[in-house]
Amino acid sequence: MLQVEQVDLFYGASQALKQVGFQAEVGEVTCVLGRNGVGKSSLMRAVVGQQSIRAGRIVWEGQDITGLSPPERARRGIAYVPQGREVFPLLTVEENLKTGFAPLAKALRHIPDELFELFPVLRDMLGRRGGDLSGGQQQQLAIARALVTRPRLLVLDEPTEGIQPSIIKDIERVIRLLANRGDMAIILVEQYFEFARNLADAFVVLDRGEVVLAGRGEGMNEDEVRSHLTV
Amino acid sequence: MDRSTMQRSLKFFLWCALTWAVCLTAPLAKAASQDDLQRLNNRSFSVKMQAIKELGASGDRALVPALTALLEGNLYGRKTDNMVVIGQKSGQVYLLIDPLSGQELGQVQESALAKIGINNRLRRLIRGALGGLTLLSKDPALRLQAAQSIFNSRDVELLESLQQAIAREEDATILAAMQKAQAVIELFHGESLEKRKAAVILLEQVGGQDVRALLSQLVQEPDLHNNHAELYGVVKAALERVEERLRLWNMVGSLFQGISLGSVLLLAAVGLAITFGVMGVINMAHGELVMLGAYTTFVVQDLFRAYLPDWLDWSLLVAVPMAFLVSGLFGVAIERGIIRFLYGRPLETLLATWGLSLMLQQLVRTLFGPTNQEVSNPSWMSGAIQTSQGLVLTYNRITIILFSLAVIGSLALVLRKTSLGLQMRAVTQNRRMAGSMGIRTGWVDALTFGLGAGIAGIAGVALSQVDNVSPNLGQSYIIDSFMVVVFGGVGNLWGTLVGAFSLGVLNKFMEPLAGAVLGKILVLVGIILFIQKRPRGLFALKGRAVEA
Amino acid sequence: MGPISKRIGFLLGDRGGMALLVLVLGAAIVVPILNLAVAPESPYHIPNYVVSLMGKYLAFALLALSADLIWGYAGILSLGHGAFFALGGYAMGMYLMRQIGDRGVYGNPELPDFMVFLNWHELPWYWHGFEWFAFAALMVLVVPGLLALVFGWFAFRSRVTGVYLSIITQAMTYALLLAFFRNDMGFGGNNGLTDFKDLLGFDLHDDTTRAALFSVTALALALSYGVCRYITASKLGRVLLAVRDAESRTRFMGYRVENYKLFVFVVAAMMAGLAGALYVPQVGIINPGEFSPGNSIEIIIWVAVGGRGTLYGAVLGAVLVNYGKTYFTGALPEAWLYMLGALFVAVTLFMPQGVVGLVAQWKNRLRARKAPAQGDHQVAEVGQ
Amino acid sequence: MSVFNTSHRPDNLILYLDAVSVSFDGFKALNALSFYVGRGELRAIIGPNGAGKTTMMDVVTGKTRPDVGSVVFGDRVDLTKLDEAEIANLGIGRKFQKPTVFENQTVFENLELALAGDRSIWASLFFRLNGAQRQRIQQVLALIRLHERRDWLAGNLSHGQKQWLEIGMLLMQDPQLLLVDEPAAGMTDEETMRTAQMLKEIAKDHSVVVVEHDMAFVKSLQCRVTVLHEGSVLAEGSLETVQANEQVIEVYLGR
Amino acid sequence: AETIKVGVLHSLSGTMAISETTLKDTVLMMVDDLNKKGGLLGKKVEAVVVDPASNWPLFAEKTRELIEKEKVDVIFGCWTSVSRKSVLPVIEELNGLLFYPVQYEGEESSRNVFYTGAAPNQQAIPAVDYLLSEEGGAAKRIVLLGTDYVYPRTTNKILRAYLNSKGISDADIMENYTPFGHSDWQTIVGDVKKFASAGKKTAVVSTINGDANVPFYKELANQGIKAEEIPVVAFSVGEEELSGIDAKPLVGHLAAWNYFMSVNNDTNAAFIKKWHAFIKDSKRVTNDPMEATYIGFNMWVQAVEQAGTANVDAVRQAMYGQKVPNLTGGMAVMNSNHHLSKPVLIGEIQPDGQFETVWKTEGTVVGDAWSDFIPQSAKLTADWTYPWVCGNCEKPKY
Ligand SMILES: Nc1ncnc2c1ncn2[C@@H]1O[C@H](COP(=O)(O)OP(=O)(O)OP(=O)(O)O)[C@@H](O)[C@H]1O
Ligand SMILES: Nc1ncnc2c1ncn2[C@@H]1O[C@H](COP(=O)(O)OP(=O)(O)OP(=O)(O)O)[C@@H](O)[C@H]1O
Ligand SMILES: [Mg+2]
Ligand SMILES: [Mg+2]
């Protein structure tokens, strides 16, 4: 279980997160919602360690990981699909995927075939450089790359951005499947309400850096949530 | 002239008179004695010259050690009794040997000996004399040398012994050399036109620079031109053909030189191809890392000289890993101490590493002094393969070419085939994301920079073989290195390789045409124009990936 | 706002720059007075060698200013900027050479000494005209400007950017270095041009001339600052920043990036030429060493030390580093490289925005500002 | 010219791609693509990831040169002969898929740079913002809801805010033809609708080509839809017809 | 002043540090020595060291600083000609005194500079004479290799005129220039070989400067050019340059200087001993510019003592005709053209990196400020004593 407790995050003098706290259970999908610029990505970066926080605690599997560096967190099973894809532009698709081997034991260092079933285009383009892919292809690569590390906590920041509808459906199915397997906690940042509602076991709504609403997925009231998503 | 010099010249005069008397009375056929050698122990070069000529003509092979020692500067007069001895330095003292009998005569201090000096003219004579004396030697190398010496001296007196030697010679190369020498003598001193013509033809077939020298000297002689018109024609035609062939070989030579220059450029640039090409650090201290490698070589050699003098020739084998370590550790320290705070600010690395390069230069100056340090070539890297066609492939250059290829080859392997290589590339492309993939970016950064620095150090070992080992060493290569990396295309090892060799070859083909200075300017202008055509280097990466 | 303050509004916008202007213009007046009119015994007297040193620093400052214009604002990292400086210097040197007339050692009224003893019989064509100051002064600007125009036109049109541009500018200055080294070029080879006697009829070794040269340099610096400030404060300045940060994006907005770059490149080259021309009579020699790539790198370093992208920072950096050099080479001749090297390292590590940025850093720390003006976003010019 | 029938041809063309092919190392990103956009038309383009939508925009804006084919703007201007700046000055503006703004300049300055007007050096050197222009910028700031952020460095904006800023810059540029690549990515549903409204508004006196994967968005545009697949036009028509197309469902929409 | 100040103006960093640092140490050693003997005129002598960092304009700046700020009485310094040219206007303006210790191209005589290194006629001409002589190998073709700057250009111009006068035609002279720090000598050494293969005895005269020498000699050795076939005589290669190379393959190549470390006499032995003690390194070598510094320093000391003051004008007057022992056994004399009379030595490289003198002028040669082999300069006379009082006069000036 991931516990985020009273996190404050600053960019220089401006505060992006105020006393943010939430939990993500293993075997569940936790959705984070909010308008542009409310701090969703900042929160995710704090979880994976890319952004240091000024106050608060982040606890994963019972251990305080607040002070750990991103690679250390990755080694504890945390994988991240960042907003804006961030594939390695000059590495081939295959090499991009292989970067996920770093935190793995020798025996696990292979690319699971399911990945290619989910994203067949990647198999066709194994030798192409990541940066040459189209936007949607890169997004698929970014998700696949995170899955290569066999994470126990998967952090997805707007993973459907730029992806064609049919694959969004596939992704939805896969996320559900992964969550149902029961060994992975998933945090999903989404603006696409439909998609979020279909997946969410639990949800958190942010506004101006603060948690304004949280609850279980089944109790997710569309109007209430939407009211926080509009200006 | 002051008094002391006058006295000295007077003594010379007396000496000369005395020794002349000796040589007039001494019958030459007799085996050489210490008395004959005494004439070498004379301060007048003309006396020594005469003596050498006569000793050479005596045909006495017992003289070989004495003459060889003289050539090598190991022949001394013992101050106590003026006896001529061979002195071999062993530690602080000299071991004395009787040059004729080979008997050991004990040890003395340097001050007890007076060296018998020679000059270039004498050297040439001695070699000629030794040639005559060693034609029948058992040592094939000596016989080959002898043949060459006779070729140079064209001494007709040796014709007879030469012919004897030819009759007995079994080794094909030596035989060819001897026949060449014979041909020369016949060409110059032969009576019949036929024989002389045949000699010319043989020489033409052999070809090469020395034959060219010989033939062109011959055609310039008015006597030949005026009195032996037919032979003149033959010689002239032969000369032209020899020159034709030489020109061809010359091209081959230029190519080799170009490749060799390219290999030096390559070595100097490979490390940079990592720190700059892969990591994007404008590493102005790269040259100094090369310099550290060169100084490491010096220190290693010095230690060998002190503790393992017999293994000195192999010190380079130790120097290579040591240099890699020293420069590599410096690199790691630089990365951890400075560069790591500057990722994302590549231009600041220029400032910081420039500062570092100043400090490293001064550090070396403080530790080792400002002057050049001596790094010697091991014997297996000295000398050259010289073909008769004037192609000179020096061993050190050949070694460096092979070495540079090995270095870049193994580097390519590391980068392409190992997981470390993959991580290096991932980290430099997106450090933050690489971290989130579980790659220990700090480690990888340090190792990458260390690798680049270590390779710079290795380059220093090679450069110490062809250039100065001085605090300025690095500065003289830094510009060229950047030029090579950029010309080849940043971030592309293959480009660095091809870039280095093409710049080297271009340089060497320009140099004879335009002179070294203008040639270099033209190459620079060429690079500028080339970059206009290919704004991202020879092997530019294309596509969205680059612009992203 | 009155019309005047409106017109100089671009100057007022930059407080550091204003301070600099006041300082430089003040120095232009005060230094000559303290040097010439105050008795040498007085503690306020400024000795001659200080005047010529300061004159040199200001010439360097002008050079740094011009480098900052293209590097700090347009992202053109020229590692050959010294070439323009040197060319300006040579143009001035040629004029000064011609002024020697028959006072050279061989007494030849036409030919400079080095031509006489290398057996030149007549003045090469490119030396003609330099006997007139006006012509030489024009050349000081035209020659560097022209080189920049031609070089820049080719480079920018072919979209040579980043390190590729840096390295070919370095190749340019290196090629010029080698060319000017050649005695056959007719510029005095390695020894360059020296032994100047007078400028516009004033004896160069005269204290008044030196003081006047100092003032002129200060004025030139102030004026150039004004020009740079005007350019950078205008919309053109913002387009340059845009080019620096996202060149191709700027293109898609319809700006002809190559023209913009070319414009500042030429302006900067002419300024550098002017700096060179002011430098030469004050130090008394111009030789190919000024073309050396190391010198050009140093210029960039002055800018970085002062603070890239702030015009007054570049000026400050040039003066600081050169003062440091003067001081340390005298006081610690054996260890000054350590000091200077350490200074550079320290500046990069602890003052990411240069010395000028230090002030901003302090300010920032004092009062937390509402909006982060200096973000973590740095520009990556090195192509990856 | 055989591909003509796959795309209908309006009478008054503003953009006309004729058999354009682009390949990268043998991979055909555009395969004899032909299609037309009429003056004043709003056109949506959809298609699988990697279909060549962005590449098509690259070709139009001069970023990528086609191997063969021609791209004609307005009556007769062949865009393949022009460079990016020339094309932009003809009146073609673009929003990039990945938001690219001038990170070291403020939001306001970003908009000011994009402001339509003379792009020559002299003009910029002596440029002064007049009242009307200032107002226009304010308007756009309000529209993209970055009012409060007007003095922020653009680099410090969140992903979605950058998207908006890009749209704002496109508006400032006021081009005849707008190429908009995935404007709704990273926006909330409500914002997506707003964007659609805005584009429809613009399309009244401009021509607009918009690429999106969000079907709700495309639907609310109420315009002709072109489906690209493997570098050429797969289908074209109203959204309903396209959505009913088996092939489109197969390769794009999914079941 | 209670001390007498000596300015030391040698580069301690940059490209020239490699050569000049030694001279700084030499001056410091001499000053040290002088102070141990009780100083000068009863005052302590103080050395003021600055680093002009191989940057020519900085030489001028530092000179001004030394004279105006530090108020030194004399400066020992400079190596390259361009640094001297840079200093010249300043030192003349401020009426300072400079001792210049390096061999140079001549064509200069300044009231404020004493040149204690060799002029071309004290080095180049005798060296070529030797090459042409029977004993030196009777060369008939000459290769002039040099770094592309003023000293080699001028020297070679003089040599060409001289060789022509000795009956060697231009066809038998090859001239080649390389940039500073040239490190790839393959082509040029190959060209020399080719040139030498034209059938006439060939010799090389090298004015290659500084750092470029080490790779040059390494290439010579590796391409197997033996001194007895093609001897190379160098004017800028001394013990210090050789200390960076394995000299064994170079045995027999030549250098022309006014001093070799190997010269065997008591003064030299004492000097070397003092040097080793001072520098605390018994492996360090001595060389010709050090001797020139030694001579210059001692002469200045004598002149100050004779004048009874360190005042520049007085010292200058006292300098003329001043004699001090040089290190090769004999006396160096300062002439009124500010150049020395010194002997010229030709030495062969030995396996240990030392030179063995193979030839020596009878007596000393007077340094010529203006070469007789350059037409415009042949007319000029340098003489700073009555009735000339001029560095470049065609007629006496009173
Ligand atoms: N590097 C940064 N420096 C300064 N401020 C930043 C930085 N990154 C984000 N911000 C600000 O912090 C706030 C939160 O940004 P964040 O990226 O977390 O938003 P978000 O909720 O992910 O928005 P979006 O939906 O647009 O992705 C925004 O107001 C943004 O402007
Ligand atoms: N430089 C390149 N090298 C190789 N392949 C490339 C290159 N550029 C683009 N491609 C390929 O061309 C195809 C078209 O890409 P494009 O970006 O146009 O797709 P798209 O329709 O915009 O997709 P998306 O909806 O995902 O943004 C993709 O398959 C991509 O991988
Ligand atoms: Mg976000
Ligand atoms: Mg796309």
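Keep in mind the model is a prediction, meaning the values are calculated, not measured.

1. Details of the overall build of chain C
1) Next: On a plain count of helices and strands, chain C comes out with 16 helices and 4 strands.
2) Next: On C-alpha atoms alone, chain C measures out to a radius of gyration of 22 Å, which is about the 21 Å that the 2.2 N^0.38 rule sets for 384 residues.
3) Next: When the backbone C-alpha atoms are referred to their principal axes, chain C occupies close to 70 × 55 × 55 Å.
4) Next: The buried share among the 384 residues of chain C stands at 63%.
5) Next: Considering only residue pairs separated by 6 or more positions, chain C has 76% of its internal contacts joining residues 24 or more positions apart.
6) Next: Accessible surface computed for chain C: about 13900 Å², of which carbon and sulfur atoms make up 67%.
7) Next: Both charge centroids of chain C, one from 26 positive and one from 22 negative side chains, sit 19 Å from each other.

2. Notes on the overall build of chain B
1) Next: The number of helices and strands found in chain B is 23 helices and 7 strands.
2) Next: Scaling as 2.2 N^0.38, a compact globule of 548 residues should have a C-alpha radius of gyration of about 24 Å, whereas chain B reaches 31 Å, well beyond that.
3) Next: Each principal axis of the C-alpha atoms in chain B carries an extent, and together these give about 95 × 60 × 50 Å.
4) Next: Here chain B, with 548 residues, has 56% of them falling under the buried criterion.

3. Remarks on the interface of chain A and chain D
1) Next: Facing 33 residues of chain A, the contacting portion of chain D comprises 29 residues.
2) Next: Carbon and sulfur atoms make up 47% of the surface buried where chain A meets chain D, a total of about 2200 Å² over both sides.
3) Next: Considering only the side of chain A, the residues that lose the most area to chain D are A:N36, A:Q164 and A:P165, jointly responsible for 24% of the buried surface there.
4) Next: One can count 1 salt bridge joining chain A with chain D.
5) Next: D:D189 is the salt-bridge partner of A:R226, the closest N and O atoms lying 3.4 Å from each other.
6) Next: Between the two partners, chain A and chain D, sit 17 residue pairs in polar contact (both at pLDDT 80 or more).
7) Next: At the level of secondary structure, the elements contributing two or more residues to the side of chain A that touches chain D comprise α6 (135–148), α7 (165–181), α8 (193–199) and α9 (222–229) of chain A.
8) Next: A class-by-class count of the residues in the side of chain A that touches chain D yields 8 nonpolar, 16 polar and 9 charged.

4. A word on the confidence of the model for chain B
Close inspection of predicted coordinates is inappropriate in any region flagged by low pLDDT.
All names here are of chain B.
1) Next: Taken as a whole, chain B shows an average pLDDT of 83; of its residues, 93% reach a score of 70 or greater.
2) Next: Ranking the elements of chain B by mean pLDDT puts helix α1 (residues 3–25) last with 45 and helix α14 (residues 315–337) first with 94.
3) Next: Throughout residues 9–29 the model reports pLDDT below 50, and contacts reaching past four residues in sequence, or to other chains, amount to 14 contacts.

5. Quick word on the sheet that holds strand β13 (residues 340–342) of chain E
Residue and element names in this part refer to chain E.
1) Next: What the 4 strands build is an open sheet, ordered β11-β12-β13-β16; its pairing is antiparallel. Edge positions in the sheet fall to β11 (323–325) and β16 (365–366), since each of these pairs with one other strand and no more.
2) Next: Pairing of β11 with strand β12 (residues 331–334), which is carried by 3 bridges, proceeds in the antiparallel orientation. Bridged to P325 within β12 is M331.
3) Next: Along the sheet, helix α10 (residues 288–307) contacts β11, β12 and β13; its crossing angle with β11, the most-contacted strand, is approximately 135 degrees.

6. Points about the coordination of the magnesium ion (ligand 4)
All names here are of chain D.
1) Next: Those donors, T54 (OG1) and Q97 (OE1), are the protein atoms that reach the magnesium ion (ligand 4), and they lie 1.9 to 2.3 Å from it. Within this pair, whereas T54 is found in helix α1 (residues 53–61), its partner Q97 is found in the loop between β6 (92–95) and α3 (107–114), the two being separated by 43 residues in sequence. One exposure class covers both T54 and Q97, and it is buried.

7. Quick look at the domain arrangement of chain B
Residue and element names in this part refer to chain B.
1) Next: According to the domain assignment, chain B consists of domain 1 (31–134), domain 2 (135–227) and domain 3 (249–361 + 398–547).
2) Next: A straight line from the C-alpha centre of domain 1 to that of domain 2 covers 29 Å.
3) Next: Counting residues at the interface gives 7 residues for domain 1 and 9 residues for domain 2.
4) Next: When domain 1 packs against domain 2, close to 600 Å² is buried across both sides, 57% of that on carbon and sulfur atoms.
5) Next: One can count 0 salt bridges joining domain 1 with domain 2.
6) Next: Taken together, domain 1 and domain 2 are joined by 0 residue pairs in polar contact (both at pLDDT 80 or more).
7) Next: When its residues are assigned to classes, the side of domain 1 that touches domain 2 shows 1 nonpolar, 4 polar and 2 charged.

8. Description of the site of ligand 1
1) Next: Close to ligand 1 lie 23 residues, the nearest being A:S41, A:S42, A:Q191, D:S158 and D:G160.
2) Next: At the site occupied by ligand 1, the surrounding residues belong to chains A, C and D.
3) Next: Between ligand 1 and the protein, one listed contact pairs an oxygen atom with a backbone N or O atom of A:G37 at 2.7 Å.
4) Next: At 2.7 Å from an oxygen atom of ligand 1 is found a side-chain nitrogen or oxygen belonging to A:Q191.
5) Next: Compared with its free state, where it exposes 630 Å², ligand 1 has 94% of that area covered by protein.
6) Next: Secondary structure elements with two or more residues in the shell around ligand 1: α1 (40–48) of chain A together with α6 (159–173) of chain D.
7) Next: Of the residues forming the shell around ligand 1, the biggest block, 4 residues, is contributed by α1(A).
8) Next: Its residues assigned to classes, the shell around ligand 1 shows 5 nonpolar, 13 polar and 5 charged.

9. Brief notes about the interface of chain B and chain E
1) Next: Residue-level contacts link 55 residues of chain B with 56 residues of chain E.
2) Next: Between chain B and chain E the total buried area reaches about 4500 Å² when both faces are included, carbon and sulfur atoms providing 42% of it.
3) Next: Scanning the region where chain B abuts chain E turns up 5 salt bridges.
4) Next: In this structure, B:R397 engages E:D184 in a salt bridge whose closest nitrogen and oxygen atoms are separated by 3.4 Å.
5) Next: Sort the elements by how many residues they give to the side of chain B that touches chain E and helix α10 (residues 209–220) of chain B lands first, with 6 residues.

10. What to know about the site of ligand 2
1) Next: Taken together, 24 residues sit near ligand 2, with A:S134, B:R544, D:K53, D:T54 and D:T55 positioned nearest.
2) Next: Neighbouring residues of ligand 2 are not confined to a single chain but are spread across chains A, B and D.
3) Next: In the model, a nitrogen atom of ligand 2 is placed 3.2 Å from a nitrogen or oxygen of the A:D132 side chain.
4) Next: A distance of 2.8 Å separates an oxygen atom of ligand 2 from a polar atom in the backbone of D:G52.
5) Next: Computed on the free molecule, ligand 2 has an accessible area of 640 Å², of which 98% lies beneath the protein chains in the complex.
6) Next: Looking at the shell around ligand 2, the elements that each hand over two or more residues are α6 of chain A together with β2 (27–38) and α1 of chain D.
7) Next: Residues of the shell around ligand 2, tallied by class, amount to 7 nonpolar, 12 polar and 5 charged.

11. Some thoughts on the pairing of strand β1 (residues 75–78) of chain B
Residue and element names in this part refer to chain B.
1) Next: Of the two faces of β1, the one holding L75 and G77 and the one holding Y76 and R78 are both buried throughout.
2) Next: Where β1 lies against strand β2 (residues 84–90), 3 bridges are found, and the strand directions are antiparallel. Bridge pairing links Y76 to V85 in β2.
3) Next: Relative to strand β5 (residues 113–115), β1 runs antiparallel, the two being bridged by 3 bridges. Residue Y76 lies in a different strand from β5, and its bridge partner there is K115.

12. A look at the coordination of the magnesium ion (ligand 3)
Residues and elements named next belong to chain A.
1) Next: Those protein atoms acting as donors to the magnesium ion (ligand 3) are S41 (OG) and Q83 (OE1), and they sit at 1.9 to 2.0 Å. A residue pair is termed long-range when its members are at least 10 positions apart, and S41 in helix α1 and Q83 in the loop between β6 (78–81) and α3 (93–98) qualify at 42 residues.
2) Next: Taking relative accessible area as the criterion, Q83 reaches 14% and is therefore assigned buried.

13. Quick look at the side chain of C:R251
1) Next: Tracing the chain through its elements places C:R251 in helix α11 (residues 247–252).
2) Next: On the basis of relative accessible area, C:R251 is assigned to the buried category, the value being 3%.
3) Next: Once you skip the residues sitting within four places of it in the chain, C:R251 turns out to touch C:R159, C:V257, C:E258, D:E84, D:A85 and D:A88.

14. Description of the arrangement of the chains
1) Next: Ranking by contact count across 8 pairs of chains in contact places chains B and E at the top.
2) Next: There is no contact between chain A and chain E; across them, the least C-alpha separation is 37 Å.
3) Next: One thing to see here is that chain D and chain E don't touch, and their nearest C-alpha atoms sit 38 Å from each other.

15. Some thoughts on the sheet that holds strand β5 (residues 63–64) of chain A
Strand pairs in the sheet, formed through backbone hydrogen bonds, run parallel or antiparallel to each other.
Residues and elements named next belong to chain A.
1) Next: Read across the sheet, 4 strands follow the order β2-β1-β4-β5 without closing on themselves; strand pairing throughout is antiparallel. Unpaired on one side and paired on the other, β2 (14–24) and β5 mark the two borders of the sheet.
2) Next: Two strands pair when backbone bridges link them, and strand β1 (residues 2–11) and strand β4 (residues 55–60) are joined in this way by 5 bridges, in the antiparallel orientation. Considered in β4, the bridge of D8 is made with A55.

The rules we used
Residues numbered from 1 in each chain as written. Chains lettered and ligands numbered in written order. Predicted model: local features only at pLDDT ≥ 70, side-chain atom pairs only at ≥ 80, totals over all residues. Heavy atoms only, no water. Helix = DSSP H or I, 4+ residues; strand = E, 2+ residues; numbered from the N terminus. Rg over C-alpha atoms; globule rule 2.2 N^0.38 Å. Buried < 20%, exposed > 50% of the residue type's maximum accessible area, 1.4 Å probe, protein only. Contact = heavy atoms within 4.5 Å. Areas by Shrake-Rupley, 256 points an atom, 1.4 Å probe, with all protein chains shown as cover. Lys, Arg positive; Asp, Glu negative; His and termini not counted. Charge placed at Lys NZ, Arg CZ, Asp CG, Glu CD. Buried area = accessible area lost by both parts, 1.4 Å probe. Salt bridge = Lys/Arg side-chain N within 4 Å of Asp/Glu carboxyl O. Polar contact = N/O pair within 3.5 Å; in protein donor to acceptor, adjacent residues only side chain to side chain. Nonpolar A, V, L, I, M, F, W, Y, C, P; charged D, E, K, R; others polar. pLDDT = per-residue confidence, 0-100. Pairing = 2+ DSSP bridges. Axes fitted to C-alpha atoms, helices over the stretch in contact; angles between N-to-C directions. Donors = N, O, S within 2.8 Å, 3.2 Å for Na, K, Ca; no water. Domains from an automatic or database assignment. Near = heavy atom within 4 Å.

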